[in-house]
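Chain by chain, the residues run as shown.
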Amino acid sequence: MAIRKIREMGDPVLGKVCKEVTEVTPRIQELIDDMFDTLYEANGVGLAAPQVGILKRIVVIDTTGEDPILMINPKIIEKSGEQTGYEGCLSVPGKTGNVTRANYVKAIAYDENMEPFEIEGTELMARAIQHELDHLDGHLYVEKVDGPLQDVEDLEED
Ligand code: NI
């Protein structure tokens, strides 16, 4: 259990396509545990492995702080609707921007026993799944922002 350093925009590792996980080795399990520690320490909603410098298709999400979800080799299999809202990323500290995404997604992924499961969500959960899965293909939300990136501080003053 350890906090890992979160890579920030400009780090080339964030632009790479991640590899599928074939087996949850002790080393991968340690990575997963550290990703949750790092997510909670940073008060984030989601974290993808490349954000801690590891090019593997692993994502952790917790939209409430009490509902940890691990997704290994996740794929979105269904999406619908539309939502537009402010989004942020632990790799782009202090910034936010307006992003339009599907309002509903259904995904398949593998758990830590490499058992497949389905997960679906709307609103924040759907946004988190889409955002984190983009990281696995080397994409940041800033590519999808409508209008300029804003400072979180400026927004809070409004
Ligand atoms: Ni992010």
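See the structure printed just above.
**Remarks on the sheet that holds strand E8 (residues 145-151)**
The three strands are arranged E4-E5-E8 in an open sheet whose pairing can be described as antiparallel. In this open sheet, the two edge strands, each paired with only one partner strand, are strand E4 (83-87) and E8. Looking at each pair of strands side by side, their axes are set apart by 20 degrees on average, direction ignored. The pairing of strand E5 (residues 95-101) with E8 spans four bridges and is antiparallel. Residue pairing in the sheet places threonine 96 in a bridge with glutamine 150 of E8. Packing against the sheet, helix H2 (residues 123-136) makes contact with E4 and E5, and its axis sits at approximately 65 degrees to E4.

**With respect to the coordination of the nickel ion**
At this site the nickel ion is bound by Cys89 (SG), His131 (NE2) and His135 (NE2), with donor distances of 2.0 to 2.3 Å. For the nickel ion, the single-chain donor residues occur in sequence as C-x41-H-x3-H. Taken as a pair, cysteine 89 in the loop between E4 and E5 and histidine 135 in helix H2 lie far apart in primary sequence, 46 residues in all. The two residues cysteine 89 and histidine 135 agree in class, both being buried.

Reading guide: rules and limits
Residues numbered from 1 in each chain as written. Predicted model: local features only at pLDDT ≥ 70, side-chain atom pairs only at ≥ 80, totals over all residues. Heavy atoms only, no water. Pairing = 2+ DSSP bridges. Helix = DSSP H or I, 4+ residues; strand = E, 2+ residues; numbered from the N terminus. Axes fitted to C-alpha atoms, helices over the stretch in contact; angles between N-to-C directions. Contact = heavy atoms within 4.5 Å. Donors = N, O, S within 2.8 Å, 3.2 Å for Na, K, Ca; no water. Buried < 20%, exposed > 50% of the residue type's maximum accessible area, 1.4 Å probe, protein only.

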